[in-house]
Amino acid sequence: MQANSLSLALIGSGGTGVMTAGQILLDAAAQAGWYGLMTRSFGPQIRGGEAAAILRLAHHPIQGQDDHLDLFLALDWGNIERFAAELPLAEHSTVIADPAQGDVPQVIARTGARQAMVPLKEVTKSVKGGRANMVALGLVAELIGLPRAALMQTLNKVLGRKGEDVLQTAEACLQAGAEQAKAVDTSLALEAKPTPEGEQPERWALTGNEAAGLGALRGGVRFSAAYPITPSTDIVEWLAPELPKLGGCLVQAEDELSAINMCLGASFGGTPSITATSGPGLALMIETLGLAVASETPVVVVDVMRGGPSTGIPTKSEQSDLNIALYGLHGDAPHLVVAPNSITDCLAATQWSVHLAEALQTPALVLSDQAMGQARAIVDKPIPMDWKAERRTADKPGEDYLRYRITDDGVSPMAIPGTVGGVYTADGLEHAERGTPSSQADHHQGQLDKRLHKLTGYDYGEYWADIEGEGELAVITWGSSTGPVREALDRARAEGITARLISVRLLSPVQPEAMAEALRGVSRALVVEQTHGGQFHHYLRAHYDLPATVQAFHHPGPLAIRPGEVLEQLRQLAQQEAA
Amino acid sequence: MSTCADQIKTTELKAKDYKSDTKPVWCPGCGDFGVLNAITKALAALQLPREDVAFVSGIGCSSRIPAYSAVYGFHGVHGRALPVASGLAVSRPDLTVLAAGGDGDGFSIGGNHFMHACRRNVNLTYLVMDNAVYGMTKGQASPTTESDWAGSKLTPEGPGLAQFQPLEIALSAGAPYIARCFSGDPNGLAQRLTEALAFPGFAFIQVLSPCVTYRPEQKEYKKLVHPGFEPTADRREAFMQLMDDDGFTTGVLYKADIPAYQPDRAEPSDLDTIARQFRVGEHGPKPVTNPYYPCSEAGCAVDPPVPED
């Protein structure tokens, strides 16, 4: 357990309102000046079924889920066995349950967690029109020491326009719940918040998907076409009303094939474009990504990964689209693959991807995942970045204009329709410099070289990876696995194990020299990822010189990578070193 | 350096000014030559600046056509000309967007896009050079091939399927401008195209364009085609005309005044204002309405539906 953080889960069958209660709790925590993270766990049902709001709160920014829950409150036990594994309990955990819902199920009881029985249903009945989720909210807020004022302020925002009666009912529920706190004989309050010095940093509350949407806008995206697919849809739902405010627009396409091709059409017309999708949708878009490579048309695709293969587990996280993102395109098709490594980074990494795609006239794939995309966090205001869409255009093409001219850096000025004298045909067929289709070996070789060279010759700067710490031990990871790895490294340091972090953000093209520099002096490495087959590990082995000792730690979703299990791996490696 | 002759060219463009110097891959006698001629004539009739026209296609013999014209072009992947053209037209309403391709590209692999482009009614013109055969892959049946055509090794007994009916489907799906032309009559086609390019919405033209290599019997098209469609804005009348159609009737079948698709408009804003919604301020973060807060009932008991796919 990270010092001074609190992990809790509100569980109930779909419709009991646990997500709503969790969301209010998170927002109230933000209101109180806390930091936090809320992950949603739910099944594939549209209504009903199991649901859990999993929160972690602290006075410092949160990187991911903890090893175990401190508090587990169940409104009912519907389908708990389906997802108990995602809600790890230990002996120090406290389980709050309503005796009216029957015995605590074995799957929970055998964890050895402490149990506290609170008659939630009965208490709820005591408030006219009351709701159990609001009673639970009052109870939890009281237990963790969340100021009532912050809770009421949040409720006011949420329920204010529904009238005074509704607010009063909610407040009565909170009060009735709070009164039950005495029955829970355990201390769950966070340590007192340190007195802030000077001006407090601005904090934001957002999901990774919203962050990606804002990153797209900041990068200069003004067109989007999309087909809904979980868990990526929130990005385009967020963009739909925002794009028109900046003079852009979003079109709902009939399928993913259409979505990516509409984006390509808009981009050909000079408008930076983005689409968002998840595994099966990405598979459908792959052919057109190859077209974007060959025709040198910039486009950004955010793939919010979920469990795969096939339809897999739509509502739960995994990092297993790595291989298709890196290798899915047919032919030799160099392209950009960028992975944000936190909710905040979804913003910067998407913005960077727009910038890179436009600068290099190529498709960029952003690999986010459900764990980041659909989790909502209270974070410090993200540092604004300057990355913009700056496409090299041919504004005054002469008689000798060649759209695919082989230039020193491989990037050729692009004539945007409307530009006098620049008419050319963009082509997915192999072509000569003018764009005319060609099957000649030298034309093919020349254009392949050009498209590779423009990506490998570009200076991506330090943002290619997050490299932190020192030591002969390194953890190499990517994406949302970075959060738990960072926390494991913090804990390891407290045990005297020093290790460095290499979180790779630019997955393609590979950066062998930068990686060699990052690995200088490293004798042992641990590779961490959320896949079944160790895709990231294999990718590293294929493209980089790794130290002699490499330990791979990976498991599939929907189980989150926990800091404790990474720490255990680090301990093993440190012991081997000592031996 | 602009010469006097250049200036005359830019002030008055001739059909040949819209032709590129790239030699078509088409076989001698291919109907698509007539289509190319008609397109360049129509562009000249409208005196459209070359740089303000974009020509999008998919894959196939006819889809090579953008490279043969001297306007902006996009030669994409199989079946996806319409989405590319739609994205371009929506984001660049100042351009004249023309999409073209064959019956396989448009009605088979691209069939879904065809229906939805008809529904979406973006301002663009879609021209399908229909020869009822896959020419580029050497003679297989296409969606518009007769069910008993046994000329393909892939379907030696004939495809045995009902023929795809482009005009009926376009009409059902909501296309506001529907016509059929014949490539052997480039002037007639140019006239229709001129009208279609100026039409404010999705205009669909099926062009009977013979493939003399794999369907030599299509040389007879010139004897079979006959004018007959009377333009109407009445869907019932249009369907009645199709009931009497032998597949070779030409003319404008349907022309309706349906507003073209326009993307949403919104109050202008700026990035900082948009980002402000995430700020945890004096009043806390803005409550999200999606996906967490439905609050449809007192006390917020109901969680929103959880999406699957």
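Further up the page is the structure itself.
Heads up: these notes are all about the structure in this document. (Residues numbered from 1 in each chain as written. Chains lettered and ligands numbered in written order. Predicted model: local features only at pLDDT ≥ 70, side-chain atom pairs only at ≥ 80, totals over all residues. Heavy atoms only, no water.)

1. What about the overall build of chain A?
Phase 1 of the analysis: Each helix and strand in chain A was counted, giving 19 helices and 21 strands.
Phase 2 of the analysis: Against the 2.2 N^0.38 benchmark of 25 Å for 579 residues, chain A shows a C-alpha radius of gyration of 26 Å, consistent with a compact globule.
Phase 3 of the analysis: The principal-axis extents of the C-alpha atoms in chain A amount to approximately 85 × 65 × 50 Å.
Phase 4 of the analysis: Per-residue burial over chain A gives 65% buried out of 579 residues.
Phase 5 of the analysis: Considering only contacts in chain A between residues 6 or more positions apart, those separated by 24 or more positions represent 75%.
Phase 6 of the analysis: Side chains of chain A carry 44 positive and 67 negative charges; the gap between the two charge centres is 5 Å. (Helix = DSSP H or I, 4+ residues; strand = E, 2+ residues; numbered from the N terminus. Rg over C-alpha atoms; globule rule 2.2 N^0.38 Å. Buried < 20%, exposed > 50% of the residue type's maximum accessible area, 1.4 Å probe, protein only. Contact = heavy atoms within 4.5 Å. Lys, Arg positive; Asp, Glu negative; His and termini not counted. Charge placed at Lys NZ, Arg CZ, Asp CG, Glu CD.)

2. Examining the environment of Leu 120 of chain A
All names here are of chain A.
Phase 1 of the analysis: Within the secondary structure, Leu 120 is located in helix α4 (residues 120–125).
Phase 2 of the analysis: Along the sequence, Leu 120 and Arg 434 sit 314 residues apart, while their C-alpha atoms lie 73 Å from each other.
Phase 3 of the analysis: If we ignore the near neighbours within four places in the chain, the residues touching Leu 120 are Leu 73, Ala 74, Leu 75, Asp 98, Val 135, Ala 136 and Leu 139.

3. Some words on helix α3 (residues 81–91) of chain B
Phase 1 of the analysis: Taken across its 11 residues, α3 of chain B has 11 buried, putting it largely inside the fold.
Phase 2 of the analysis: Listed in full, the buried residues belonging to α3 of chain B are Ala 81, Leu 82, Pro 83, Val 84, Ala 85, Ser 86, Gly 87, Leu 88, Ala 89, Val 90 and Ser 91 of chain B.

4. Concerning the interface of chain A and chain B
Accessible area lost upon the coming together of the parts serves often as the stated size of an interface.
Phase 1 of the analysis: At the junction of the two partners, chain A supplies 95 residues and chain B supplies 73 residues.
Phase 2 of the analysis: Around 7000 Å² of area is buried between chain A and chain B when both sides are counted, 60% of it from carbon and sulfur atoms.
Phase 3 of the analysis: The interface formed by chain A and chain B holds two salt bridges in total.
Phase 4 of the analysis: The shortest N-O distance in the salt bridge between Glu 202 of chain A and Arg 279 of chain B comes to 3.7 Å.
Phase 5 of the analysis: Between chain A and chain B we count 20 residue pairs in polar contact (both at pLDDT 80 or more) in total.
Phase 6 of the analysis: A breakdown of the residues in the side of chain A that touches chain B according to their chemical character gives 44 nonpolar, 31 polar and 20 charged. (Buried area = accessible area lost by both parts, 1.4 Å probe. Salt bridge = Lys/Arg side-chain N within 4 Å of Asp/Glu carboxyl O. Polar contact = N/O pair within 3.5 Å; in protein donor to acceptor, adjacent residues only side chain to side chain. Nonpolar A, V, L, I, M, F, W, Y, C, P; charged D, E, K, R; others polar.)

5. A look at the environment of Leu 69 of chain A
Residues and elements named next belong to chain A.
Phase 1 of the analysis: Here Leu 69 lies in the loop between β3 (50–58) and β4 (71–74).
Phase 2 of the analysis: For Leu 69, a relative accessible area of 4% puts it in the buried group.
Phase 3 of the analysis: Counting along the chain gives 26 residues from Leu 69 to Val 95, while the straight-line C-alpha distance between them is 9.3 Å.
Phase 4 of the analysis: What Leu 69 contacts, discounting residues up to four positions off in sequence, is Ser 7, Leu 8, Ala 9, Ile 54, Leu 87, Pro 88, Leu 89, His 92 and Ser 93.

6. Re the side chain of Glu 51 of chain B
Phase 1 of the analysis: Mapping Glu 51 of chain B onto the fold places it in the loop between α2 (32–46) and β1 (53–57).
Phase 2 of the analysis: Buried charge without a partner: Glu 51 of chain B forms no salt bridge, and the closest opposite charge is Arg 50 of chain B, 5.3 Å away.
Phase 3 of the analysis: Setting aside its immediate chain neighbours within four residues, Glu 51 of chain B contacts Pro 417, Gly 418, Thr 419, Val 420 and Val 423 of chain A together with Tyr 72 and Leu 95 of chain B.

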